[in-house]
Each structure stands twice: as C-alpha cells, then as structure tokens.
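# Per-entry structural report
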Protein chains: 2
Amino acid sequence: MKIELEQISPMEIEKRSFEIITEELQGRTFDPWQEPIIKRVIHTTADFDYADNLVFSEGVVQTAHNLFREGACIVTDTKMAMSGINKTALATLGGEVYNFITDEDVIAQAKEQGLTRSAVCMDKAAKLDRPVIFAIGNAPTALVRLYELMQEGYRPALIIGVPVGFVNVVQAKELILSADVPSIIARGRKGGSNVAAAIVNALMYQLTRN
Amino acid sequence: MKIELEQISPMEIEKRSFEIITEELQGRTFDPWQEPIIKRVIHTTADFDYADNLVFSEGVVQTAHNLFREGACIVTDTKMAMSGINKTALATLGGEVYNFITDEDVIAQAKEQGLTRSAVCMDKAAKLDRPVIFAIGNAPTALVRLYELMQEGYRPALIIGVPVGFVNVVQAKELILSADVPSIIARGRKGGSNVAAAIVNALMYQLTRN
C-alpha cells in the first residue's frame, strides 16, 4: 500500500482540519456563538457525536466571555484538564487556572469523609473570593458536589460539565442541567479532560484570536 | 424528571465501570493480554469504537512489560499525555516520563526548520541513551518523524501511536503499522492524549495491580 501524506505546513494543519470538519458536517447549521466550540471539540476528539451532545444554557458563551474579561479564574477537576488549557491565551486574558487534587488538605479531607478528592476540590474552589469557571472533564462526583453546594447557596459563575464514564456520569450532568446555572454540558457518557480543555480554549480563542 | 444517583463508594466506581463495559461488549472476546488495555481505553473515552480500532503488534504487551521492568523511559508528544500518566504506578516501576515540547532548543529548532515542535521532540528523544516508549496522542507529525528516524536506523523500543485528527493522522498511523516496530495503534482518526495515557497506565497496571 502506498501511504501519501498531505503536504502542509504546521500552521495550516488546524485550519485545514476545521475545513474538513465543516465539510463533513454537510451544511448543518449551529448557533454562531456555539459553532466554534462544537467544532473544536470535534477537532479534539474526531468524534462527531459532539455535534449533538453539547448542551449550552441560554447566553452561556457571552457569559463566559464576560467572565474571562472580568478576570474569573478556572478550576479543573484533574491535572490533565489543567494541562490542556492553552496558557498563552489564558495569560493574554489575564486569567488563572487552579487544580487542587494533590493538595494535602484535599487528600486528607477526602480520606476522612470517604469522598472523592475531586468532590472535595469543589468545596475548596467554592471558598475562592472570585467568580469561578468550573471545567470538569473527569469526575461526576465533582458535578454532584457542585449541585449540593448550589443547594446550599453557592453560585458557580459557569460550569463546563463534561465528565466521561459509566457510573453516575449521565445523572450528574442531568443534575447540572436541571439547575439554574450557566453551563456547557456534554450530555450522555462521553466527555473527558481533553474535551473540558478544548471548550475552555475555544471560549478563550473567540476573544484572543479575533 | 427524577435523577437517581447510584450509591457507590469512590473505590468501587472503576470496578463497576469495567463491569458495565464488559456487559456492553456482550461476550466479545479479546486476547487476554490486550483486553485490559482495550477496556481501559473505552473507560477513558466511553467510546466503544476502540474495541475495533486498536491494533497490537505481535507480542507487544509482553514487550511493554519487559521494557517497564528494565527501566525504559516514556516520551510523550504533549504535556497533557504526560499529565495523564499515573505517577504512582510509574514510580513503583522505577520509570520516568519526559516531554520536551517547551524546551528552548526544541522551540528554536522547530522555528528554524519549519517543523512542528512535536516532530523535533522525537529527534531529542532518539538521542536518549535508554530504550524509549513513545506515547503519541496528538501529533501525527511526531509519528512521521519517528518513521523517518527508523529509516535512518533508529529503533524505538515501543510506539503507542494514537494521535487524533483530520490531517495526516490516518496516514501517519499506517506508516507506523507498515514498519517493523512494536506498536499499539488506534487505527483511523480517533485517539488523543487521554488515550495515550490510558494505554500507558493499562500496561503499567498489569504489572503493579497484580
């Protein structure tokens, strides 16, 4: 078999990828605010299911942009999601990203209370004195804990809720969808730390690449 | 709608997830060496396509185990893949993981030669004086560069080749499959840094969790 590589410069690869994604979506139309986010998630996963899975609360993209402009911080549930967030774009916007999963107080509290560390991280994030964008790509328990904190009066600025998996993942996302909070959710089992990071990056690029 | 969460302890979630994956695979049988790897990738992505996509070269799982036992190091193409590798398991095996993507020499050389930084990282990895397990979850250009290095006589100890995307991804994977090198490849467009890390972790867990 002859394997032929497309001759293309590194700078052109992303542009060409988005062209292919657009072609394969065969004229499907999306909300223009949401479209770059949906396409970036497909770019990150090569999985066109996300053309149908992603659920945006009313006006959430504009809300996210305002939050970035106002210096909201991002909290992730995993180091991997934090690692995937584009630090150059984040610095341009003057933003910061935190992950508490290896903090000693979090590890101790999780053990003591029989909770996941991801859940305990949400408690710690809720104590920050700034608006928080949550980017949750792995742990449904983090979303469940956020839901409980909302019942107690806490108000996340935005929840990007895209954990992946088989146990309580679908339900945890539906909990967030049932709550009155700005959110971007990947309905169903699919998602991941890469998807969480891709959504954060897509939101930032709408501000930094125009 | 009533949303009911399954009552389950954090420690049981992974076990229950693998049970669900096994149920949904409906009695499909796999090579017993490969099965935990396939299932962990499905666990990481909630995408059953990986039951068909993953291609293992002859005896590659045992080769990987020997490499871990002999202190081979891992080189990834992204910080995100590095971040997803379980550091506890890696430390138990006495292994190390490297990523060179933000190294100044790599950045300079990529700019100078019009290459991706991921490709240049492969050159740097090939100069290590130890066997290298490559875990490539993002950049097809890294796989293409590895192929070129092999033509020049370099011998990677193992290539985990699971980049995701639309431009030269399919072809880059076929190049590696056409070469005489131990490999685990996700055929087609799908893959990702999370998939690369999941495969490394699955291989390590076969040694550390038994």
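Note that the structure is a prediction, hence the values are computed from the model and not measured.

Here we come to the pairing of strand 6 (residues 183–186) of chain A. Residue and element names in this part refer to chain A. Of the two faces of strand 6, the one holding S183 and I185 and the one holding I184 and A186 are both buried throughout. Pairing between strand 5 (residues 158–161) and strand 6: 3 bridges, direction parallel. Paired with I160 across the bridge in strand 6 is I184. Read as a crossover between parallel neighbours, the route from strand 5 over helix 10 (residues 169–178) to strand 6 is right-handed.

Here we take up the side chain of B:S17. With respect to the element layout, B:S17 can be found in helix 1 (residues 10–24). A relative accessible area of 2% means that B:S17 is categorised as buried. Looking at B:S17, its side chain comes within polar contact range of the main-chain oxygen of B:I13, at 2.8 Å. Those residues in contact with B:S17, other than ones at most four positions away along the chain, are A:F166, A:V167 and B:H43.

Moving on, we get to empty space enclosed by the protein. By the definition in use, this model includes 1 cavity of 30 Å³ or more. The volume enclosed by the largest cavity comes to roughly 110 Å³. Residue lining of the largest cavity: 14 residues in total, with A:T45, A:D47, B:T45, B:D47 and B:Y50 positioned closest to the centre.

All names here are of chain B. By the secondary structure assignment, G161 is in strand 5 (residues 158–161). C-alpha of G161 to C-alpha of V61: the two residues are 100 residues apart in sequence and 14 Å apart in space. Not counting chain neighbours up to four residues away, the residues in contact with G161 comprise I136, L143, K173, I184, I185 and A186.

Attention now moves to the side chain of B:S183. Within the secondary structure, B:S183 is located in strand 6 (residues 183–186). Not counting the four nearest positions on each side in its chain, B:S183 is found in contact with B:V55, B:F56, B:S57, B:V60, B:L158, B:I159, B:I176 and B:L177.

All right, on to the interface of chain A and chain B then. In this complex, chain A contributes 44 residues to the contact, which on the side of chain B involves 44 residues. The contact between chain A and chain B buries some 3400 Å² in all, and 70% of this surface belongs to carbon and sulfur atoms. Three residues, A:M80, A:F166 and A:V167, lead the burial of chain A against chain B; their summed loss comes to 22% of the area buried on that side. At the surface where chain A touches chain B, the tally comes to 4 salt bridges. Counting every contact that joins chain A to chain B gives 11 residue pairs in polar contact (both at pLDDT 80 or more). Partitioned by chemical class, the residues of the side of chain A that touches chain B number 20 nonpolar, 15 polar and 9 charged.

To continue, consider the relation of the copies chain A and chain B. When chain A is fitted to chain B, the best match, at an RMSD of 0.0 Å, comes from turning it 180 degrees and sliding it 0.0 Å along the axis. Taken together, these values place the two copies in the relation of a two-fold axis. Every residue of chain A has its C-alpha some distance from the rotation axis, and the shortest such distance is that of A:M80, at 2.8 Å. Same-surface contact between copies: 100% of interface residues of chain A are shared with the interface of chain B.

Residue and element names in this part refer to chain A. One pass over the full model with this rule turns up 6 aromatic pairs over all chains. Ring geometry for F134 and Y154: centres 6.2 Å apart, planes at 90 degrees, overall edge-to-face. Of this pair, F134 sits in strand 4 (residues 132–136) while Y154 sits in the loop between helix 9 (140–151) and strand 5, placing them 20 residues apart in sequence. Like F134, the residue Y154 is buried in the burial classification.

What counts as what
Residues numbered from 1 in each chain as written. Chains lettered and ligands numbered in written order. Predicted model: local features only at pLDDT ≥ 70, side-chain atom pairs only at ≥ 80, totals over all residues. Heavy atoms only, no water. Buried < 20%, exposed > 50% of the residue type's maximum accessible area, 1.4 Å probe, protein only. Helix = DSSP H or I, 4+ residues; strand = E, 2+ residues; numbered from the N terminus. Pairing = 2+ DSSP bridges. Right-handed = clockwise from strand over helix to strand, strands pointing away. Polar contact = N/O pair within 3.5 Å; in protein donor to acceptor, adjacent residues only side chain to side chain. Contact = heavy atoms within 4.5 Å. 1 Å grid on protein atoms, 1.4 Å probe; cavity = no way out; pocket = protein on both sides within 12 Å on 5 of 7 lines; lining within 4 Å. Points joined across faces, edges and corners; volume = space filled by probe spheres on them. Buried area = accessible area lost by both parts, 1.4 Å probe. Salt bridge = Lys/Arg side-chain N within 4 Å of Asp/Glu carboxyl O. Nonpolar A, V, L, I, M, F, W, Y, C, P; charged D, E, K, R; others polar. Least-squares fit on C-alpha atoms with pLDDT ≥ 70 in both. Phe/Tyr/Trp six-rings, centres within 6.5 Å; stacked < 30°, edge-to-face > 60°.

Read these as spatial facts, not as claims about activity.
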